[in-house]
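# Structural overview
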Amino acid sequence: MKSSDVILQTTSKIVFFVILLFAIHLFFEGHYRPGGGFVGGLVTAGAIVLFLLAFDIKTVSILLPFDYKWVTAIGLLISILTAAGSIVFNVPFFTHTYDHFHLPLIGETSLHTAALFDLGVYLVVVGVTMTIIQTIGESE
Amino acid sequence: MSLLHIAILSPFIFAIFIPFFYKGFKSIHTGWFTLILPIVLFLYFLQFLPKVGGGSSVIETISWIPSLNIDFTVKVDGLSLLFALLITGIGSLVTLYSIYYLSKEKEQLNTFYVYLLLFMGAMLGVVLSDNLIVLYTFWEFTSFSSFFLIGYWFDREKSRYGAQKSMLITVFGGLSLLGGIILLYIMTGTFRISEMLANVDAIVNHALFIPAMIFILLGAFTKSAQFPFHIWLPDAMEAPTPVSAYLHSATMVKAGIYLVARVSPIFALDQSGLWIWLVGGIGIITLFWGSFNAIKQTDLKAILAFSTISQLGLIMSLLGVGAAALHYDYLDDNIFMVAIIAAVFHLINHATFKGSLFMVVGIIDHETGTRDIRRLGGLMQIMPITFTIAFIGAFSMAGIPPFNGFLSKEMFFTGMVRVLQMDIFHLETLGFLFPLIAWVASVFTFVYSMIVVWKTFAGKYQPDKLSKKAHEAPLGMLISPVILVSLVIIFGLFPNLLSDTIIAPAAQSIMPQFIFDDIHISHWHGWKSPELYMTIGVIVIGALLYLTAAKWKRVYRLFPEKLTFNKLYDALLPSLETGSNLFIRSHMTGFLRSYLAYIFIFFIGILGYTIWSKDAFTINRANTAEIGIYEIVLALLIVIGCVTIIFAKSRLTSIIALGAVGYTVSLFFVIFRAPDLALTQLVIETISVALFLLAFYHLPKKFRHEESRRFKLNNALISIAVGVIVALIAISSYSTKLFDSISKYYVEHTYDPAGGENMVNVILVDFRGFDTLFEISVLSIAGLGIYGLIKLRMTRRKEG
Amino acid sequence: MEILMAIIIGILFASATYLFLSKSILRIIVASGLLSHGAHLLILTMGGLKQGAVPLVNKEGIPVTDPLPQALILTAIVISFGVTALFLVLAYRAYQELGTDNMDQLRGTEGND
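Residues numbered from 1 in each chain as written. Chains lettered and ligands numbered in written order. Predicted model: local features only at pLDDT ≥ 70, side-chain atom pairs only at ≥ 80, totals over all residues. Heavy atoms only, no water.

Under an unreviewed UniProt entry, the name given to chain C is Na(+)/H(+) antiporter subunit C, and the source organism is Perspicuibacillus lycopersici. Listed under Sequence similarities (unreviewed entry) in UniProt, the entry text for chain C is "Belongs to the CPA3 antiporters (TC 2.A.63) subunit C family." The heading Subcellular location (unreviewed entry) in the UniProt record of chain C holds the text "Cell membrane". (UniProt positions renumbered as here; feature names shortened; annotations may be inferred.)

Under an unreviewed UniProt entry, chain B has the name Na+/H+ antiporter subunit A and belongs to Perspicuibacillus lycopersici. The heading Sequence similarities (unreviewed entry) in the UniProt record of chain B holds the text "Belongs to the CPA3 antiporters (TC 2.A.63) subunit A family."

Below, the structure written as structure tokens:
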């Protein structure tokens, strides 16, 4: 899929970051508004797919040098560790907790272990989607 | 978990380490490592001897599946202990013997000892479990570990045949045993034997009593190679000789005996006499048939196989006849009790002399290269020690003094002669058959015992017919049989060493209704005893028959080969295979479409029937949402999409139509107040279309194949029916609300304590986090699967 | 509305079944996509439609629609995406190795296994 569409390539560079920002927004919104790890991950994957359409697979793998299998594995690990972490505090598996913190720059905010679990979901979704697309795209 | 449980499970645990030892210490024979366990276990079980002396028992329980009344209860009483000692004692000797029998260079020792240990553990489990389900589990374990042992030389056609045969027959019996156990459970509500004994009366008068008895006996008879299920045992002789010595003399075949003895306290009370006639009758027929057939064999191991069948029949018949004792009142001096004592005593004796004989045959096979008595002969001078062992073992088997076989054979005669004094269950008319057949079978026993010794060791030495130059066996190989024959002599001279220590407790567990103490086994019963003349008759007639064997052996030709049970088995097996093959082929066509059609037709049938029979279809229009113009447009879009896909000729059209349906569904989600779903569906649909397009690069251009009109019509009928059923379910499930929605909890707790506002997301990551965790696991697996499907082939191509 | 949805679900299931029974492997994959759409709408319809506001916590206490079916469907959507992708790759590999996408020729009987 060699392409040299200049307009598409230029716009996609900008649009990619817009979509990525939207994805991150969706991810963090998840707990309060529609959104979350699933949608966030899928939108991120969509952004990368757009990149793939504009450039070819080799260029994208140089631009985004991730091994998506690792992304999947790390995501799964984060989710399981978040769930298992509660055992350390002698509460049942999968007990979440949250609290309000005052963070510099951001201000008063609540931090939630559920968000950590959702981060795992996000990474798995991105990882799996991209693994699938990349392997199919690479195979000749 | 008590020490007893550990003792039963230790062979299984030990078996795990065998392969590592085999790999790690190539220079040491794996048998030495294995040997430790049976010896330790034997010593461990020895210390129970004083504990079970007075008929008491040791019970340990750990719960396994308490909801089903299944606990791993271990009970050590006289009978269990006797068997446990046999299993570990003979097990030690056999392991020692196998070290010299199996060469460490040529054989796969790791698998052999793993199987052997599995078998040992399973046997211990059978004899020590008090819970019948646990017993059954171990019982099946013995079946398949013996399958592996018999088929140990799996490259031989005959080994595989023998292994399969024993497996099929014993597993058939095992299933029947399970049936019997379940019937017993229905009658008593417990799986524990000791609890069943507590309410024997309820069982005896129950309608299921006779079926349960027959089922359990089927299990016991198949395992103990009783007529007509004996056919597997001669074929099982393809196993390495240590295995035969272990499984087919001392342990596995005696599991059936154990079972009969174990359930005797329940079933011997049978008021119809069926138990006595079945156990005693089948036993005595087996005794006769086995000994009669042993004579015509030419393979030493085959002779021993038939001899084992016959001896098992002997013990079985004693258990059957002994059951009559319960039907007489005089409890302390009941003359029929002797049969039970004889059974226990002969069980021990048989293990000693038959074990040693099997080992002798193994030595002969090992040192001369053949087991065929037509090629053997004159080995007396070459293998003097082996000859001595064989002589003692065979003479004990023949029932000649002063060996232990003589004592138990005499007691056997006593038991059988006393049948003449019984006046119940038609024994007064037909009972004479028992001593008669017993005596005739003993004559045959004498004859084949002589054949084993003299045809092998006397006569002319024929070195040209042997593949190896015969010489005496190495010392290590002789140790185990020497120990066994020393026991033959010791038990023969001092039988009362055993009587109070183990025979009495064991007999006590078989017949807890009686008191077995002060058992005295004597060699001499006086000039007037019929046993004396029976023994003399056996020796005289037996010797005559042995000497004139060549003349009367023609008798065997009277039995046509075609009518044997073996032929029946051989004929039944292929027809069973072809029959089931035909049956499977008739509906398992290999077409995915057929299978899907079955699934859909069943779906329609079952759900349609349920809706109709339960009158489940209801429409409740009270609470439905109103229909707007948007919804109608969207519905039409979906319908158009579906129709387009069905009639589309190009794949691109169909994918675009599928995408359209997907986007419409996400619009529905918007209307139905599900923003999360709408978002996800939108993005997924986009990525899916990209994925389809990517995959199209590799896929055929054609979207459909030629299909006949009939094919389409059938499919259309099935699919319309599925659609209607699902629509009916959708309407009814909305209209009937049997329960309140469980989501009320989620709605109320989203903000406090879960700390979120988007209920769907909170459910996903918090309330039902497990679902999500498994979901992302599945997703990862799918991703890895795709990666593997594509990448692995590439590396293979590169290598190729 | 629910009855209209039930009919749409029925149509989705019927078309999916029809496609499942056809010979082309690609049609079977499309069928699985349609079937999952049908199943999602079925779950949603079972829980009742438009019974309240969007399932977000609101201070006014307005009743919301049942969030549980939505959570279940969200899981199902993502899973069905994974399954579809796996099917696609399976079909394409089978086509590559065996040279056909006709289910009648992809019989798993003796000789082929």
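Still more to cover.
## Looking at the interface of chain B and chain C
Facing 102 residues of chain B, the contacting portion of chain C comprises 83 residues. Buried surface at the junction of chain B and chain C, summed over both partners, amounts to about 8400 Å²; 76% is from carbon and sulfur atoms. Along the contact surface separating chain B from chain C lie zero salt bridges. At the junction of chain B with chain C, the criterion picks out seven residue pairs in polar contact (both at pLDDT 80 or more). Listing elements by their share of the side of chain B that touches chain C, those giving two or more residues are α25 (592–613), α26 (629–647), α27 (651–671), α28 (675–696), α29 (709–735), α30 (743–749), α31 (759–767) and α32 (769–799) of chain B. For the side of chain B that touches chain C, the class distribution of residues is 60 nonpolar, 20 polar and 22 charged. (Contact = heavy atoms within 4.5 Å. Buried area = accessible area lost by both parts, 1.4 Å probe. Salt bridge = Lys/Arg side-chain N within 4 Å of Asp/Glu carboxyl O. Polar contact = N/O pair within 3.5 Å; in protein donor to acceptor, adjacent residues only side chain to side chain. Helix = DSSP H or I, 4+ residues; strand = E, 2+ residues; numbered from the N terminus. Nonpolar A, V, L, I, M, F, W, Y, C, P; charged D, E, K, R; others polar.)

## Some words on the UniProt feature "transmembrane region" (unreviewed entry) in chain C
Residue and element names in this part refer to chain C. Residues annotated by UniProt as "transmembrane region" (unreviewed entry) correspond here to residues 6–21, 28–49 and 69–92. Regarding residues 28–49, the helix share stands at 86% and the strand share at 0%, and the terminal C-alpha atoms are separated by 30 Å. Taken end to end, residues 69–92 has its terminal C-alpha atoms 34 Å apart, with 100% of it in helix and 0% in strand.

## A short note on the layout of surface pockets
Approximately 1300 Å³ is the volume found for the largest pocket. Residue assignment for the lining of the largest pocket shows that the elements contributing at least two residues are α6 (157–188), α10 (232–235), α13 (274–294), α14 (300–322), α15 (338–368) and α24 (565–587) of chain B. Here the lining of the largest pocket takes four residues from α24(B), the largest share from any one element. Grouping the amino acids of the lining of the largest pocket by side-chain chemistry returns 18 nonpolar, nine polar and 16 charged. Put simply, the second largest pocket is a space of about 810 Å³. For the second largest pocket, the lining is made up of 26 residues, of which B:Lys737, B:Asp740, B:Ser741, C:Gly47 and C:Asp66 are closest to its centre. Contributing elements (two or more residues each) for the lining of the second largest pocket: α29 and α30 of chain B together with α2 (25–46) and α3 (67–98) of chain C. Per element, the largest residue contribution to the lining of the second largest pocket is four residues, and it comes from α3(C). Split into classes, the residues belonging to the lining of the second largest pocket amount to 13 nonpolar, nine polar and four charged. Residue-level mapping places the lining of the second largest pocket at the junction of two domains, with at least three residues from each of domain 2 (592–742) and domain 3 (743–800) of chain B. (1 Å grid on protein atoms, 1.4 Å probe; cavity = no way out; pocket = protein on both sides within 12 Å on 5 of 7 lines; lining within 4 Å. Points joined across faces, edges and corners; volume = space filled by probe spheres on them. Domains from an automatic or database assignment.)

## Examining the interface of chain B and chain A
The interface is formed by 42 residues belonging to chain B together with 44 residues belonging to chain A. Where chain B packs against chain A, one counts two salt bridges. Of the charged contacts, one joins A:Glu138 and B:Lys791 as a salt bridge, the two residues approaching to 2.8 Å between their closest N and O atoms. Put simply, chain B and chain A have six residue pairs in polar contact (both at pLDDT 80 or more) between them. For the side of chain B that touches chain A, the secondary structure elements donating two or more residues are α28, α31 and α32 of chain B. No other element matches α32(B), which puts 17 residues into the side of chain B that touches chain A. Grouping the amino acids of the side of chain B that touches chain A by side-chain chemistry returns 25 nonpolar, 11 polar and six charged.

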